[in-house]
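# Reading the structure
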Amino acid sequence: MVRFFKKMSKKAGLPPGTLVGEVEKDTAPVKITVIDYDEKSYEERTAQASTDCRPLRDKPTVTWVNVDGVHQVDVLTDLGECFGLHPLVLEDIANTDQRPKTEDFGDYLFVVLKILDYDRDTGDLSTGQISLVLGPNYVLSFQEREGGVFDAVRDRIRNSKGRIRKLQSDYLAYALVDAVVDNYFVTLEQIGEEVGSLEEDLIEDPKPETLQSIHEMKREMIILRKSVWPLREVVNGFERRGPPLVRESTRVFLKDVYDHTIQVIDAVETYRDVLSGMLDLYLSTVSNRMNEVMKVLTIIATIFIPLTFVAGIYGMNFQFMPELGWHWSYPLLWLVMVIVALSMVAFFRRKKWL
Amino acid sequence: MVRFFKKMSKKAGLPPGTLVGEVEKDTAPVKITVIDYDEKSYEERTAQASTDCRPLRDKPTVTWVNVDGVHQVDVLTDLGECFGLHPLVLEDIANTDQRPKTEDFGDYLFVVLKILDYDRDTGDLSTGQISLVLGPNYVLSFQEREGGVFDAVRDRIRNSKGRIRKLQSDYLAYALVDAVVDNYFVTLEQIGEEVGSLEEDLIEDPKPETLQSIHEMKREMIILRKSVWPLREVVNGFERRGPPLVRESTRVFLKDVYDHTIQVIDAVETYRDVLSGMLDLYLSTVSNRMNEVMKVLTIIATIFIPLTFVAGIYGMNFQFMPELGWHWSYPLLWLVMVIVALSMVAFFRRKKWL
Amino acid sequence: MVRFFKKMSKKAGLPPGTLVGEVEKDTAPVKITVIDYDEKSYEERTAQASTDCRPLRDKPTVTWVNVDGVHQVDVLTDLGECFGLHPLVLEDIANTDQRPKTEDFGDYLFVVLKILDYDRDTGDLSTGQISLVLGPNYVLSFQEREGGVFDAVRDRIRNSKGRIRKLQSDYLAYALVDAVVDNYFVTLEQIGEEVGSLEEDLIEDPKPETLQSIHEMKREMIILRKSVWPLREVVNGFERRGPPLVRESTRVFLKDVYDHTIQVIDAVETYRDVLSGMLDLYLSTVSNRMNEVMKVLTIIATIFIPLTFVAGIYGMNFQFMPELGWHWSYPLLWLVMVIVALSMVAFFRRKKWL
Amino acid sequence: MVRFFKKMSKKAGLPPGTLVGEVEKDTAPVKITVIDYDEKSYEERTAQASTDCRPLRDKPTVTWVNVDGVHQVDVLTDLGECFGLHPLVLEDIANTDQRPKTEDFGDYLFVVLKILDYDRDTGDLSTGQISLVLGPNYVLSFQEREGGVFDAVRDRIRNSKGRIRKLQSDYLAYALVDAVVDNYFVTLEQIGEEVGSLEEDLIEDPKPETLQSIHEMKREMIILRKSVWPLREVVNGFERRGPPLVRESTRVFLKDVYDHTIQVIDAVETYRDVLSGMLDLYLSTVSNRMNEVMKVLTIIATIFIPLTFVAGIYGMNFQFMPELGWHWSYPLLWLVMVIVALSMVAFFRRKKWL
Amino acid sequence: MVRFFKKMSKKAGLPPGTLVGEVEKDTAPVKITVIDYDEKSYEERTAQASTDCRPLRDKPTVTWVNVDGVHQVDVLTDLGECFGLHPLVLEDIANTDQRPKTEDFGDYLFVVLKILDYDRDTGDLSTGQISLVLGPNYVLSFQEREGGVFDAVRDRIRNSKGRIRKLQSDYLAYALVDAVVDNYFVTLEQIGEEVGSLEEDLIEDPKPETLQSIHEMKREMIILRKSVWPLREVVNGFERRGPPLVRESTRVFLKDVYDHTIQVIDAVETYRDVLSGMLDLYLSTVSNRMNEVMKVLTIIATIFIPLTFVAGIYGMNFQFMPELGWHWSYPLLWLVMVIVALSMVAFFRRKKWL
């Protein structure tokens, strides 16, 4: 485990709204992509540093500014100033340990989401933060790490696929949220396969390593839950915002993405239940096995310990032991021993131990 | 287990409302049945491909279009166009991993249900999706797989049994939902019998296989719950819709079907509790048994190990062991051994181990 | 267990409101008792078959029709027609697997309750259904099985005890519900005594049978809960109905019966907690006992196995074993053995095993 | 345990509001204390039997009638008549198995509370019932058993301490409720100390008796919870009543007592969690210990059983066993045995058993 | 443990609002710091005893009175009188076992918070109480123990950092609450590291001490929860208060601190889940290990016990045992024994015990 939470205490004592870039993590330059489109025109630009964005903001076209990396304080400050964002919004964007949430600032809507990244080789599950700002004719998106989750949306805008070019910024914001939620399904499926293969191991040959893996999966479910449960409220808050920011026609799409979040939550809860069941099964299998081991030990010991005692008796060196001199003692003793052993076996059979 | 969820990630990145037929699953042609009736007239027709449905839609009679199979994109598109369905509705019909839900689209109501199929030989529980669209004078029903769940309703229409021919499309939709919920009772009864026979096994002779079966039953309960819990909200949403789509006279019937869904949920929860109790009982039985095994081992070992030691003593070959030469040593030793053994038995009796 | 739910699937496919008499269960004739009273007059009549009840309905006196047995379809149909009951009400009366509920049909109130019957010899808990219909000046009561639960109410009417003769049908309905809830207390007390005696067994001498009994009690609690939890809603729904059907003066009595249902629910939950605690105690007692058994085995084995080994050494037949010839070997060996044994005992004492 | 609930079934079948004195329990005469005060005057009187109370009721001063013992039906009836109480209120006062509750009867407020009595010697927790009736200028209090819980309040009235003499009956009622809630803290502290000493036992030397005590404490927590959880609703109901019965100035005090009930509930829940943790700790300690016992047994047996076998080999009496005649056999054998034993010990060390 | 709750019973019987200084705990003089500021002026003063504060109260500047230590009754009384606080507020400040809460007294808002202090060496978690009173132009803060939690706020006022000097008393109160919540993150991080190192111990080498530590951590989580859960309501109550006391511009900051409390609660719940998982893992590891121990014992005993019996047989001293005289008996017997031992090993291999 080591760390469930990022350095949360770093900012204790600073005034609210102070931006602290997480510079130690990433010194790569921040990449800014600006896409500007309406039904007819389309323009895409990449910028290393932030330039004056006022013209963009004031154009009637839909402007999407995507920022990969949130560690450069000046980039965030410039953008915040240009689009009139509250200092607390910038702080939440820079501080990547937010809980998913939707906040309504009147002129714009601020949405925080988590994106999951499941490494199938190590089985590690890491989360990244994606923040969205939805304004009247612009969408800002901030990704903690560069990733391809928005590529499909970008393609749809470029190639004018679907209805995205015909609609406004609220639809673009919806499309981005939808892309993030769709990404959960990919992760969930990978985890589902992992769970399935664990279960096969469990039934075929349960080993302590299987137990360890189940525990690790359960741990990951705790993290997943933390990212997934608030999603419902996020989409709800988005939908509740209403016109003029969120148009009536977009609401049916938000309802659809809401259904998807419920499916995601359902899936996480189901995996949790399944993993708990697997843990129980493991423990009862171990218990069963112990029982079997004990029975073997008991059968062997119970049959041979008394016989060994009898053999010990006639191994004693007393001078006056009449049986020792009798001619049929030895075969008779064998007979007695065989009878004792057989009746023991019969006793075990009756107890259903054999 | 292997797969709890159908391929969910397939559509990630596509624009919402894109139809992806699950063609790999079923290449059989889609079967469309059209039933058109009012109190006096009745007409039934089967069609392989979708034909123009506009005349049907505009007739004042009640029209029920049943589609078996949702894998042919063009069939869904044609119907959707004719009845003016939202692309997201068509997507939800085609994508058979929806959660049960009711959605109100103003002109029509969209209902998604799950149907259960319990195979008693393998003990497998599979789910299929049934989607309903209730319009002012039509009902569309889509079944993932062809099945007989609606046969009884069809018969009642054909033979004009009950009040169905006298009432409108909302009653027909109710009758279809009721048929699906009634079908749950059949499945629950089969599962109930399975649980009962498992329990008898458990009391008579608990084996590791019994444990495995209990775990499988618990797993199925997880799936069942997922299908059953949202049902309540589905029927509620249907009832809340109110006139003109859902007439006042139909509400009492919807209340009845609501009661049934509560009974179904109750039954599933009861089975869960019963199965948990059985698991506990199994584990304590195993524990009891282990205890009994241990006691047998301990009694045998505790009686004979000291006696064997004594026999070992007089099996030693020291030249100067005075007891060896005494005449009554041997019978005396037997006496001592019998006394030791009996006092051990008395000790065990006092401890209630015998 | 075998059956938690009555045959629920029998009616699948039939139109709603179809009456299916549970004839296989009971072929005895249905017994109908009619009591008609006001403050001054009182009349009681028993009828085997249903007669025309219109005169009763229209009289201003309070009419109580009690039906023992719900398996004769025609009796229910006649009464339903006479008092204008909805077909679904009749279906719910005949189908005795309803959940307790209150339904408001405008002109009358329909109440379903469960009555418990605890057989102290077998420890079996069975439930029966009681349905009530409260109209402006009549109460219909239907009992699945003939039983004495309403005898006290009948006596109070006959002997004009309390205020019952002075009040209206709503008070009569309250009195019947109160009689059913009071009956729960009788059952709960019997179960409480059973739980108490189980607990004494558990503390004095826990046996596998005790475990079995605890599990059976827990199972019964599952059934009890199913009957008891919805009670609260039933009484609430009754009270919510308000005038003119439920008069203001009756509400304080309904509040009282509501308090009783809360007490019943509390008691059931307490028993559940107590039984869970007993199960835990049983398991830990078994665990403790196993521990004690293991310690005895370990002490005996650990003391004697090394001593037996030493004796075995000097039982070897090597020709050149100098110790064998020494004169003090034998007593010296005894000394060594006693010292080894005593130090073992000291070791166990330090470990607190003795 | 034996009895969790007082005889509840005794009254089944009687009309509501029938008073059944619990005479078998207590035949001592009921003690009635009447305190009548306003800011200037103060009068206290003790009465054995109930006298006419009408003058008291009609005086503008605050009248507090305290009744110790609720088993004399006529006393309750007289008081009830005089102050115009509903028969159900009298029934609830006499029947001391009520759940804590507040009921609003318009003219007066009826409050039921539980008082706890923890006997530190036996560890028994018993509950008594205290009922309060708050009228415009009077407070009636009924205690199941005579007790000193109200002594402090009485002193404050007598000595005109605090603001009690200046305020009205609602403040007096608050003071009585506050006295009862404060009494919980005393009980909780005693239980807390008990829990603390149990925990020390658990860590130093866990014995089966410790387990038994933990289970008894858990049982008592079940009883405590039943008394404590409804308290919140009681105080809430009191506060909600509003003027004229509960004056605005008293509400801040009720809020204070509400906070105390939350603290009491918190404490009970915390003790429950702590006791559950202790149970887990006990079980894992037993499990650990068993493990240790098993390891000792296994080490001893695994070292000596093979050695004993070897000794047994050379104790055989075959005529042709060449080793027996060799001169260095015996010391060599010792060498082999020591090596075997040492390698066993090394094996155990590697397994971390030693 | 010993004490979960501070002496709660001490005040039982006293009139509400009675101040009882916790003098036994701390006899150090109470330290009072007064900071008075507006955008331009700034004044700071330290006082040992309370002086007349009326001038402060009436100045339009923001006045912050911080009191370290709540055990001197007269200091509290003086301040309470000067600022017109309700006696119950003073009682809650002095009695440091309050639950976190916000209470609205019309003119001022009273907030109780808990501050955590985690001692990493002993692993002890202790809580202190911080009470805030927010008036129109003043804030009073009371700390149970002197501590540095407010130092950063004080610095920001002194150095006019951030917006604090420009805003009113509500912002100051927010800043103090924020400082307390930020402090939780510090504690949570320390606990998180502790949990992480415990987990490493658990995986590398689980010892009974690890178990003990996990239990202690779980216990601390119970305390943490008690302090943390009500926080949400506290901040909510603060925000709900609205103007004029809490200005509109402060609400966005309160929302931010609300998000932080949710993060704190999330973290505590996550740690609880993680610790429960660790406990399960510990127990299953112990179970696994026991299983392994048992297998070693069983293998050794099962191989050698029968062989020892055979050796015992030929150690008997019967005069007529033909095998003893045969020439190849001894090597043959070795052969038999080796075969028996090998087949045993094969058996264990098949059972997957080796």
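Just so it is clear, the model here is predicted, and its values are computed rather than measured. (Residues numbered from 1 in each chain as written. Chains lettered and ligands numbered in written order. Predicted model: local features only at pLDDT ≥ 70, side-chain atom pairs only at ≥ 80, totals over all residues.)

Moving on to the overall build of chain A. Scanning chain A for helices and strands turns up 10 helices and 7 strands. For 354 residues, the compact-globule estimate of 2.2 N^0.38 gives 20 Å, and chain A exceeds it by more than 25% at 34 Å. Dimensions of chain A, computed from C-alpha atoms along their principal axes, come out at roughly 120 × 45 × 30 Å. (Helix = DSSP H or I, 4+ residues; strand = E, 2+ residues; numbered from the N terminus. Rg over C-alpha atoms; globule rule 2.2 N^0.38 Å.)

Turning next to helix H10 (residues 329–350) of chain C. Residue and element names in this part refer to chain C. Between the first and last C-alpha of H10 there are 31 Å, a value that for 22 residues agrees with the 32 Å anticipated at 1.5 Å per step. The buried fraction of H10 amounts to 2 of the 22 residues, a small share that puts the element mostly on the outside. At the C-terminal side of H10, Lys-352 shows a positive phi close to 65°. (Expected span 1.5 Å × (residues − 1). Buried ≥ 20, exposed ≤ 12 C-beta atoms within 10 Å, placed from the backbone.)

Moving on: the interface of chain E and chain A. It is common to give the size of an interface as the accessible area lost on bringing the parts into contact. At the junction of the two partners, chain E supplies 53 residues and chain A supplies 46 residues. For the side of chain E that touches chain A, the secondary structure elements donating two or more residues are helix H4 (151–158), helix H5 (169–204) and helix H7 (248–313) of chain E. The leading source of residues in the side of chain E that touches chain A is H7(E), at 30 residues. Within the side of chain E that touches chain A, the residues separate by chemical class into 23 nonpolar, 18 polar and 12 charged. (Contact = placed C-beta atoms within 7 Å. Nonpolar A, V, L, I, M, F, W, Y, C, P; charged D, E, K, R; others polar.)

What follows is about the sheet that holds strand S7 (residues 138–143) of chain A. Backbone-to-backbone hydrogen bonds join strands into a sheet, with any given pair of strands oriented parallel or antiparallel. Residue and element names in this part refer to chain A. A sheet is described by the order of its strands in space; here 7 strands give the open sequence S2-S1-S3-S7-S6-S5-S4, paired in mixed fashion. Looking at the sheet topology across the chains shown, the edges are occupied by strand S2 (42–47) and strand S4 (101–104). Between one strand and the next, the sheet's axes are offset by a mean angle of 15°, whatever the strand orientation. By the bridge criterion, 4 bridges tie S4 to strand S5 (residues 109–119) in an arrangement that is antiparallel. In the sheet register, Thr-102 faces S5, and the bridge partner there is Val-111. (Pairing = 2+ DSSP bridges. Axes fitted to C-alpha atoms, helices over the stretch in contact; angles between N-to-C directions.)

Attention now goes to the relation of the copies chain E and chain A. Rotating chain E by 72° and moving it 0.1 Å along the rotation axis overlays it on chain A with an RMSD of 0.1 Å. On the angle and the small slide along the axis, the relation comes out as a five-fold axis. For chain E, the residue whose C-alpha comes nearest the rotation axis is Gly315(E), separated from it by 4.5 Å. A share of only 13% of the interface residues of chain E reappears at the interface of chain A, consistent with the copies meeting through non-equivalent patches. (Least-squares fit on C-alpha atoms with pLDDT ≥ 70 in both.)

Between two packed helices, what matters for the description is the angle formed by their axes and the separation of those axes. Residue and element names in this part refer to chain D. Packing of helix H7 (residues 248–313) against helix H9 (residues 329–350) brings their axes to within 10 Å, and their N-to-C directions diverge by 160°. One element, H7, and the other, H9, form an angle in the roughly antiparallel class. Of the two possible hands of crossing, H7 and H9 adopt the one that is right-handed. Here Ile-299, Thr-302, Ile-303, Pro-306, Leu-307 and Val-310 of H7 come into contact with H9, specifically with Met-337, Val-340, Ala-341, Met-344 and Phe-348. Across the contact of H7 with H9, the residue classes break down as 10 nonpolar, 1 polar and no charged. (Parallel < 35°, antiparallel > 145°, perpendicular 65-115°, else oblique. Left-handed = near helix turned anticlockwise from the far one by under 90°.)

Before going further, it helps to examine the environment of Ile265(D). Residues and elements named next belong to chain D. One can find Ile-265 in helix H7. Judged by the 17 C-beta atoms lying within 10 Å of it, Ile-265 falls in the partly exposed class. On a C-alpha basis, the gap between Ile-265 and His-215 in space is 20 Å, while along the polypeptide they are 50 residues apart. Ignoring any residue separated from it by four or fewer positions in sequence, one finds Ile-265 in contact with Val-228, Trp-229 and Arg-232.

For the rest of this paragraph, the subject is unusual backbone geometry. All names here are of chain C. Unusually for a residue other than glycine, Ser-160 sits at a positive phi of about 55°. You can see Ser-160 is positioned in the loop between helix H4 (151–158) and helix H5 (169–204). In this structure Ser-160 comes out as partly exposed when scored by C-beta crowding, with 14 C-beta atoms within 10 Å.

Residues and elements named next belong to chain C. Burial of strand S2 (residues 42–47) is sparse: only 0 of the 6 residues sit out of reach of the surface. Judged from the 6 bridges that link them, strand S1 (residues 31–37) and S2 form a sheet pairing that is antiparallel. Paired with Thr-33 across the bridge in S2 is Thr-46.

A few words now on the sheet that holds strand S4 (residues 101–104) of chain D. Residues and elements named next belong to chain D. Spatial ordering of the open sheet is given by S2-S1-S3-S7-S6-S5-S4, a layout of 7 strands whose pairing is mixed. Whereas interior strands pair on both sides, the edge strands pair on one side only; in this sheet they are strand S2 (42–47) and S4. For this sheet the average axis-to-axis angle between neighbouring strands, irrespective of direction, equals 15°. Bridge count between strand S5 (residues 109–119) and strand S6 (residues 124–134): 11 bridges; the pairing is antiparallel. Paired with Asp-117 across the bridge in S6 is Ser-126.

Turning to the pairing of strand S3 (residues 62–68) of chain D, a few remarks are in order. All names here are of chain D. Burial runs high along S3: 6 of the 7 residues are buried. Pairing of strand S1 (residues 31–37) with S3 involves 7 bridges; the strand directions are antiparallel. Following the sheet pairing, Asp-36 is matched in S3 by Thr-63. Note that S3 and strand S7 (residues 138–143) share 6 bridges and pair parallel. Counted as the bridge partner of Trp-64 is Val-139 from S7.

All names here are of chain B. One can describe the packing of helix H5 (residues 169–204) onto helix H6 (residues 208–228) by two numbers: an axis separation of 10 Å at closest approach and a directional angle of 155°. The angle between H5 and H6 places the two elements in the roughly antiparallel class. The handedness of the crossing between H5 and H6 is left-handed. In this structure, H5 contributes Glu-194, Val-195, Leu-198, Asp-201 and Leu-202 to the contact, and H6 contributes Thr-210, Ser-213, Ile-214 and Met-217. Here the contact of H5 with H6 is composed, by residue class, of 5 nonpolar, 2 polar and 2 charged.

Now for the environment of Arg165(A). Residue and element names in this part refer to chain A. Here Arg-165 shows up in the loop between helix H4 (151–158) and helix H5 (169–204). Here Arg-165 falls in the buried class, since 20 other C-beta atoms lie within 10 Å of it. Spatially, the C-alpha atom of Arg-165 lies 23 Å from that of Gly-147, the residues being 18 residues apart in sequence. Those residues in contact with Arg-165, other than ones at most four positions away along the chain, are Tyr-37, Glu-39, Ile-157 and Ser-160.

Let us now look at the confidence of the model for chain A. Residue and element names in this part refer to chain A. Chain-level pLDDT for chain A is 85 on average; 93% of the residues reach the 70-or-more range. The secondary-structure element of chain A with the lowest mean pLDDT is helix H1 (residues 54–58), recorded at 75, while S7 shows the highest, at 93. Within the model, pLDDT remains below 50 along residues 1–5, and this stretch shows 14 contacts once partners closer than five positions in the same chain are excluded. Reported confidences for the modelled complex are a pTM of 0.82 and an ipTM of 0.78. (pLDDT = per-residue confidence, 0-100.)

Turning our eyes to something else, we now look at the environment of Ile305(E). With respect to the helices and strands, Ile305(E) occurs in helix H7. On a C-alpha basis, the gap between Ile305(E) and Met321(E) in space is 22 Å, while along the polypeptide they are 16 residues apart. Those residues in contact with Ile305(E), other than ones at most four positions away along the chain, are Ile300(A), Ala301(A) and Phe304(A).

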